[in-house]
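# Observations on the three-dimensional arrangement
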Amino acid sequence: MAPFNPIPLPISADVRPTLFVVVDTEEEFDWSAPLSRNATRVSAIRHVAKLQRLTEGYALKPTYVIDYPIVTSLEAVAIFGELVAGDRCSIGAHLHPWVNPPFREAVSPANSYGCNLAPDLERSKIATLKQAIGDRLGIDAVVYKAGRYGFGPSTARNLESLGFDVDLSVNPHMDFAADGGPSFAEMDARPYTFGCSRTLLGIPCSTGFIGAAHSAGRSLHDVASTPAGLKAHLPGILARLGVINKVMLSPEGFTFAEMRALARRLHDDGVRTFSLTLHSPSLAAGHTAYARTNAEVERLLTTIECFLEFFFTTLNGVAETPADFHRRVCGRLPLAGQVAS
């Protein structure tokens, strides 16, 4: 069950599809190692220029959701300050609780999901991050994405009270419960609204199923992902056979062919908002499993470029930032409804 009460956003299938590029802009750390408050290096941030050159060729402004180690880095602030001054990007907030003060919780996998913290502590961390972005970049951040997709009912309430307009945290069809996180298994890639006193917008990651059995995607993939199925490598076998494949619109771990197939499938199903996502450390070699070498970084960038070309030509898409989309769409909407308690 969804962790709050989203109201589907009505979007006509006649409109042109909209693409958002969202970059989880964060410190470098070993994703396979235990979390540490000391892992705060941000040397990869200087490689953001590679993505900027690519997206600007399509008149597209990326949304960099930045976390606390980024906004407290002089080098990162200089880079993003220049981009902001030139109106070449959009900035949002990205919470990694274990490196974001105040530090009142133990560092643990469960506590890496912001929604698992005491609501007042989650709020304090988000408020600290929002204030730091305002102080260092002169921006009132209104777009939020939880690190590790750690979004829940308390997050929804905190975002509303702190003046955010857009949440990008939900990853549909994904269940992080085994690691102590939330489940979005019941949700899909369509945008939604939420909020008690005003309308906030949720734009999920673009995750869905492709393959001959895509209509039975969730149930079939759940069976394949049981311990016995994983031991037999069923998800990979079914994907290679073209039966079912869960794909995210991201160059990290997915090919252009998979991303193109997902976009076509979602578009055929009436979805008109698409979020292409990646992590900033993947723009430099050696920081993530998706970009271990310079050749893999180039492959990642080529995958993005191929998808942009496909989206803006074959799908006749348009580019927008989540903040601009909210201003354009939600200004015409009534109150979304009450967040579940």
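Model, not experiment: these values are computed from the prediction. (Residues numbered from 1 in each chain as written. Predicted model: local features only at pLDDT ≥ 70, side-chain atom pairs only at ≥ 80, totals over all residues. Heavy atoms only, no water.)

Okay, the packing of helix α4 (residues 119–137) against helix α5 (residues 153–161) next. Describing two packed helices takes the angle between their axes plus the distance from one axis to the other. Running from amino to carboxyl end, α4 crosses α5 at an angle of 45 degrees, the nearest separation of the two axes being 10 Å. Here α5 runs oblique to α4, going by the angle between their axes. The element α4 and its partner α5 pack so that their crossing is right-handed. Along the contact surface, α4 presents Pro119, Glu122, Arg123 and Ile126, while α5 presents Ser154, Thr155, Asn158, Leu159 and Ser161. Tallied by class, residues from the contact of α4 with α5 come to 3 nonpolar, 4 polar and 2 charged. (Axes fitted to C-alpha atoms, helices over the stretch in contact; angles between N-to-C directions. Helix = DSSP H or I, 4+ residues; strand = E, 2+ residues; numbered from the N terminus. Parallel < 35°, antiparallel > 145°, perpendicular 65-115°, else oblique. Left-handed = near helix turned anticlockwise from the far one by under 90°. Contact = heavy atoms within 4.5 Å. Nonpolar A, V, L, I, M, F, W, Y, C, P; charged D, E, K, R; others polar.)

Further remarks concern the side chain of Thr55. Within the secondary structure, Thr55 is located in helix α1 (residues 48–56). Ignoring sequence-local partners within four residues, the contact set of Thr55 consists of Leu60 and Pro62.

The omega angle of the peptide bond from Pro101 to Pro102 is 0 degrees, so this bond is cis rather than trans. Along the chain, the position of Pro102 falls in the loop between β4 (90–95) and α4. Unusually for a residue other than glycine, Asp87 sits at a positive phi of about 55 degrees. The backbone of Tyr149 shows a phi angle near 60 degrees, a positive value even though the residue is not glycine. Tracing the backbone through its elements, the reader meets Tyr149 in the loop between β5 (143–146) and α5.

Ranked by size, the top nonpolar core spans 74 residues in total, and within it Leu19, Tyr64 and Phe80 carry the most contacts. For this core, the element with the most residues is helix α10 (residues 294–313), which contributes 9 residues. (Core = buried A, V, L, I, M, F, W, Y, C linked by side-chain atoms within 4.5 Å. Buried < 20%, exposed > 50% of the residue type's maximum accessible area, 1.4 Å probe, protein only.)

Interpretation of the predicted coordinates at a detailed level should be avoided for regions scoring low in pLDDT. This prediction gives the protein a mean pLDDT of 91; 87% of its residues lie at or above 70. Here residues 335–341 is a poorly scored stretch, pLDDT under 50, and it has 28 contacts once near neighbours within four places are set aside; other chains count. (pLDDT = per-residue confidence, 0-100.)

Once that is clear, we can look at the environment of Val170. Secondary-structure assignment places Val170 in the loop between β6 (166–167) and β7 (192–194). Classification of Val170 by relative accessible area gives buried; the value is 0%. With 33 residues separating them along the chain, Val170 and Ile203 place their C-alpha atoms 7.5 Å apart. In contact with Val170, other than residues within four places in its own chain, are Phe4, Phe151, Phe184, Met187, Tyr192, Pro204 and Cys205.

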